[in-house]
Amino acid sequence: MSADYTADEMMTVAAARQLRDGTACFVGIGLPSTAANLARASHAPNLVLIYESGCLGAKPDRLPLSIGDGVLADTADAVVSVPEVFNYWLQPGRIDVGFLGAAQLDRYGNLNTTVIGGDYDDPGVRLPGAGGAPEIAASCGEVVVIVRQNPRTFVERVDFVTSFGYGSGPGERRRLGLPGAGPRVVITDLGVLEPDPVTCELTLTRLHPGVTVEQVRAATGWDLAVAERLTTGEPPTRRELTVLRALEATKRAAG
Amino acid sequence: MAKLVSLSDGVADLVRDGDVVALEGFTHLIPFAAGHEIIRQGRRDLTLVRMTPDVIYDQLIGAGCARRLVFSWGGNPGVGSLHRFRDAVQNSWPGPLELEEHSHAGMANRYVAGASGLPFAVLRGYTGTDLPRHTTNIRTITCPFTGQTLTAVAALRPDVTVVHAQRADRAGNVQMWGITGVQKEAVLAAHRSLVTVEEIVDELDPVPGQVVLPGWAVTAVAEVPGGAHPSYAQGYSVRDNAFYIEWDEIGRDRDTFRTWIARHVLKAEASA
């Protein structure tokens, strides 16, 4: 049976389902923003979207094209300065969920958006850098990561720790005094990974429909652990797809 | 009281070779026209500071104005990477570019410290990341009250900060609204400041959510309608999203970039 949705749509829908109504979510641009807006337009109408440009409680009726899109300011409960969004809202732990993407991720959920290959001063690829992510990963109640899965992205050890996940294992976040719980779940185009409660190692816990464990292993740059009770997720509903495609269409229209 | 100046005079007077220069703006109100004037006047060896260096910094870097970049996120917002920035870091073209790299929270607090007249700011930040290994401007500090270990970041004090705002009056009082980012802190942290505005008016009517910079805290104001394009000025213009997408193609190739700068920046006159 061939699916009537793409792997990216499955990923976005699965990520949106992770966001609970009534919680406050710090949203990065790109995949996280699409998924967060899908959640707000479907099962979580009271999801509070917070963007690092200072827009608190943004309610865009189309997908914002950047973190400082005018539609975010126009629809926000409050627009505050950038120092305020980080110091008064993120730092004290007022935000439940941090929603991040990454260029590289490792088995302990550490994220890299800085440099890949070579060394820092002479990198193979220079990426945009940290933005708000280090403190989002540290201070939000928990972190949801959305990232396409392949062996270049899912590596044994990130080349640069831009945002701290579980470091090199259990207890490290507490030792460092990080207030948030860290990455609760990683949503990919193939399935869902969650940290093992004892080892903190990211473990495959759910497959998207039609995906095999072998496929996920082949897309992972370390020897991926698989949960004993591996489940298969629900495909996108008709309504989820309709809302997602309508949102994507607003982005094309504006671009 | 702020002087009302032309853009070319403002840049000539306030931005000097070798300066630490912050052109701030968070997607909204980015001072593109002022950046272009800096390129036209051929400034060199600048240390460019900005939380979100985007297309205008890509242009300044590609045009050879910068020696060093202090930043927290360098990309083309909503599009992808900055190719001139990447070419400078990876291939030293048109010259080497030193980097000092932070997080947004760190940069914002560095401006707050500068605006507050303090040598550093305190935050919970950078913990567990590799960022502190690459600059001496991120350190740890022990709280004298609780004994907690916190992060300290050195104050930013640009020689000159340049921002764009919606309006100013004839006394140089500046009014901006919408997403105002870190512009107030960046202006107050700097030794000198230049503000470009969409229009100069007799009276500043209050606007919800406004930030007002008193004229006596600003060095110079220049009227530059459309000075934020392809960024936007809420209430005056909308973001030219198509240009940001086009820039990916223009910035990717050195010759295409040089041709674009020659045609759209070097041969263009300052609009005010």
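Cut-offs and rules
- Residues numbered from 1 in each chain as written.
- Chains lettered and ligands numbered in written order.
- Predicted model: local features only at pLDDT ≥ 70, side-chain atom pairs only at ≥ 80, totals over all residues.
- Heavy atoms only, no water.
- Pairing = 2+ DSSP bridges.
- Helix = DSSP H or I, 4+ residues; strand = E, 2+ residues; numbered from the N terminus.
- Contact = heavy atoms within 4.5 Å.
- Axes fitted to C-alpha atoms, helices over the stretch in contact; angles between N-to-C directions.
- 1 Å grid on protein atoms, 1.4 Å probe; cavity = no way out; pocket = protein on both sides within 12 Å on 5 of 7 lines; lining within 4 Å.
- Points joined across faces, edges and corners; volume = space filled by probe spheres on them.
- Nonpolar A, V, L, I, M, F, W, Y, C, P; charged D, E, K, R; others polar.

Side note on the sheet that holds strand 2 (residues 48–51) of chain A
All names here are of chain A. Strand order across the open sheet formed by 10 strands is 4-3-2-1-5-10-12-13-14-15, with mixed pairing between neighbours. Edge positions in the sheet fall to strand 4 (78–79) and strand 15 (225–232), since each has one partner strand and no second. Bridge count between strand 12 (residues 183–187) and strand 13 (residues 191–195): two bridges; the pairing is antiparallel. Considered in strand 13, the bridge of Ile-187 is made with Val-192. Across the sheet, helix 2 (residues 31–41) touches strand 1 (24–27), strand 2, strand 3 (55–58), strand 5 (97–100) and strand 10 (142–146), and the angle it forms with strand 2 is around 155°. This element, helix 4 (residues 82–90), spans strand 1, strand 2 and strand 3 of the sheet and lies at about 145° to strand 1.

Some remarks on empty space enclosed by the protein
Where empty space is left in the structure can be found by rolling a water-sized probe over the atoms. Summed over all chains, the structure comprises two cavities of 30 Å³ or more. For the largest cavity, the calculated volume is near 40 Å³. Within the lining of the largest cavity, the residues separate by chemical class into seven nonpolar, three polar and no charged. Approximately 30 Å³ is the volume attributed to the second largest cavity. In this structure, the second largest cavity is lined by Phe-86, Asn-87, Leu-90, Gln-91, Glu-135 and Ser-139 of chain A together with Ala-105 and Arg-124 of chain B. Looking at the lining of the second largest cavity, the element that brings in the most residues is helix 4 of chain A, giving three residues. Looking at the lining of the second largest cavity residue by residue, the classes come out as three nonpolar, three polar and two charged.

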